[in-house]
Amino acid sequence: MMHCVPAVGIIFTLSWIFPGYALYFHIGETEKKCFIEEIPDETMVIGKYRTQLWDKQANSFLPATPGLGMHVEIKDPDTKIILSRQYGSEGRFTFTSHTPGEHQICLHSNSTKMTLFAGGKLRVHLDIQVGEHTNNYPEIAAKDKLTELQLRVRQLLDQVEQIQKEQNYQRYREERFRMTSESTNQRVLWWSIAQTLILIVTGIWQMKHLKSFFEAKKLV
């Protein structure tokens, strides 16, 4: 069973303004959850997750056992699998988009042991960062020995680069929308012409049929 969560569309819309979000969701043992993320090309995405199992005795969610893990699968806009890997109860996955558009991020449990799902509930906390938000600037500053001003300039340059990628993606979307609109308008035009020709042919056939009928009855 696979579910694409519609409510996340709001978060994805906000991700253009704040490229990164965190959420949690519940899944069953054989259930798969998929999320759609619109990503420009050549953009790094980092996802982190952790799982919790429902404990009936504690009446709350507790950290999952080490034996339980998650399978992460990511597809690009052409439905090509760019990442498919098994992880543990906590994990971190990274990928870089090479095609602009909607990327599908799917997660499901890799466990087949019903005892792990005693309560039938598994909570997954998911945190996704996109673009310059994937950079660890304190680590970069320490590695390259940057001053506070140099680090701030580096952050601004990365933000400008990400904005340029998003603008290019928006132009790409507008071009695709324009091509789709032109194709639809052209099909509507040809359909209207075909309908007109069918009406004309039908009218001519009816007139000839009526004329033959009247001649056969010697009414004309």
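Just so you know, these numbers come straight off a predicted model, no measurement behind them.

### A word on the pattern of salt bridges
Line of reasoning, step 1. Applying the stated rule across the entire model yields 6 salt bridges.
Line of reasoning, step 2. Notably, a salt bridge pairs Lys75 with Glu73, separated by 4.0 Å at the nearest N-O pair.
Line of reasoning, step 3. Since its relative accessible area comes to 15%, Glu73 is described here as buried.
Line of reasoning, step 4. A salt bridge links Glu182 to Arg178; its shortest N-O distance comes to 3.3 Å. You can see Glu182 and its partner Arg178 sitting in helix H3 (residues 148-216), 4 residues apart, about one turn around the helix.
Line of reasoning, step 5. A relative accessible area of 45% places Glu182 in the partly exposed class.
Line of reasoning, step 6. Since its relative accessible area comes to 42%, Arg178 is described here as partly exposed.

### So, the pairing of strand E9 (residues 101-109)
Line of reasoning, step 1. Here E9 lies mainly inside the structure; 7 of its 9 residues are buried.
Line of reasoning, step 2. Across 8 bridges, strand E3 (residues 32-39) lies against E9 in antiparallel orientation. Along E9, the bridge assignment pairs Glu37 with His103.
Line of reasoning, step 3. Judged from the 6 bridges that link them, strand E6 (residues 70-75) and E9 form a sheet pairing that is antiparallel. Of the residues in E9, the one forming a bridge with Met70 is Ser109.

The rules behind each value
- Residues numbered from 1 in each chain as written.
- Predicted model: local features only at pLDDT ≥ 70, side-chain atom pairs only at ≥ 80, totals over all residues.
- Heavy atoms only, no water.
- Salt bridge = Lys/Arg side-chain N within 4 Å of Asp/Glu carboxyl O.
- Buried < 20%, exposed > 50% of the residue type's maximum accessible area, 1.4 Å probe, protein only.
- Helix = DSSP H or I, 4+ residues; strand = E, 2+ residues; numbered from the N terminus.
- Pairing = 2+ DSSP bridges.

So far we have only geometry, and geometry alone does not tell us how the molecule works.
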